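Listed here are the chains, written in short residue letters.
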Amino acid sequence: SQQGEEDPQALSIQEGENATMNCSYKTSINNLQWYRQNSGRGLVHLILIRSNEREKHSGRLRVTLDTSKKSSSLLITASRAADTASYFCATDAERALTFGSGTRLQVQP
Amino acid sequence: EPEVTQTPSHQVTQMGQEVILRCVPISNHLYFYWYRQILGQKVEFLVSFYNNEISEKSEIFDDQFSVERPDGSNFTLKIRSTKLEDSAMYFCANTPGMENYGYTFGSGTRLTVV
């Protein structure tokens, strides 16, 4: 698999439920970032976690990073219909951001 | 909140034609990037630009592509002779520094080559 692969590819939940997305990568990183993309729109930066950090919170978002397993997870708590979007992890190594293929999240009202 | 502005939002061009995609970055954000996303596929790195020169480029960024800051503010991506497979969303991005910064992306230019 390539750098920054998300799992699952698609996720459908009810409003109010939590959504968890996972990301695996292959090489050493400086940081890992999560982005959101609404259909046909630009990417919006959500959160950045550095390689020496294990967990980070921002509002309803919680990100974990396990550098020994080369994996990260994004948890969105108390989801809303407006959270419907694609979510991408991106690893920042030596060159520039390398994106995964994303998780499509559908939150049913 | 500061924004990266891209123009045009959508461009249709004939195969073999030259296109220039434009980006107005955030002032004082000195690192510039172009990415592209073919429909249904990953966001792919094309090139990074700092201090008026290319820092890094990917295998995609061949001789058909070029970047410049023509007037010290705007940042452009030129595709010299477009191919059908160049059809994609092209995103400009900006960071204030090199490491440990989130990227601010523009809303993209949808390029359709016919």
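Residues numbered from 1 in each chain as written. Chains lettered and ligands numbered in written order. Predicted model: local features only at pLDDT ≥ 70, side-chain atom pairs only at ≥ 80, totals over all residues. Heavy atoms only, no water.

A. Examining the overall build of chain A more closely. Counting its secondary structure elements, chain A contains 0 helices and 11 strands. Element order for chain A, N to C, with α for helix and β for strand: β-β-β-β-β-β-β-β-β-β-β. Its C-alpha atoms give chain A a radius of gyration of 13 Å, near enough to 13 Å, the size a compact globule of 109 residues would have. Overall, chain A is about 40 × 25 × 20 Å in size when its C-alpha atoms are taken along their principal axes. If you take every contact in chain A between residues at least 6 apart in sequence, the share linking residues at least 24 apart comes to 54%. (Helix = DSSP H or I, 4+ residues; strand = E, 2+ residues; numbered from the N terminus. Rg over C-alpha atoms; globule rule 2.2 N^0.38 Å. Contact = heavy atoms within 4.5 Å.)

B. Summary view of the sheet that holds strand E6 (residues 55–58) of chain A. All names here are of chain A. The strand order across the open sheet built from 5 strands is E1-E3-E8-E7-E6, with neighbouring strands paired in antiparallel fashion. The two strands at the open ends of the sheet, each matched to only one other strand, are strand E1 (5–7) and E6. The average angle at which neighbouring strand axes cross in this sheet is 20°, direction not considered. (Pairing = 2+ DSSP bridges. Axes fitted to C-alpha atoms, helices over the stretch in contact; angles between N-to-C directions.)

C. Seen up close, the layout of surface pockets. Its volume calculated, the largest pocket comes out at about 570 Å³. If you trace the largest pocket, you find 25 residues lining it, with Gln37(A), Ser86(A), Arg104(A), Gln37(B) and Gly40(B) closest to the centre. Mapped by element, the contributors of at least two residues to the lining of the largest pocket are strand E9 (85–92) and strand E11 (103–108) of chain A together with strand E9 (88–95) of chain B. The biggest single contributor to the lining of the largest pocket is E11(A), with 4 residues. Considered class by class, the residues forming the lining of the largest pocket number 7 nonpolar, 14 polar and 4 charged. Of the volumes computed, that of the second largest pocket is approximately 490 Å³. Contributing to the lining of the second largest pocket are 19 residues, with Leu43(A), Val44(A), Pro2(B), Thr104(B) and Phe105(B) lying nearest its centre. With 3 residues, the single largest contributor to the lining of the second largest pocket is strand E5 (residues 43–50) of chain A. Here the lining of the second largest pocket is built from residues that sort into 6 nonpolar, 9 polar and 4 charged. (1 Å grid on protein atoms, 1.4 Å probe; cavity = no way out; pocket = protein on both sides within 12 Å on 5 of 7 lines; lining within 4 Å. Points joined across faces, edges and corners; volume = space filled by probe spheres on them. Nonpolar A, V, L, I, M, F, W, Y, C, P; charged D, E, K, R; others polar.)

None of this, on its own, says anything about what the molecule does.
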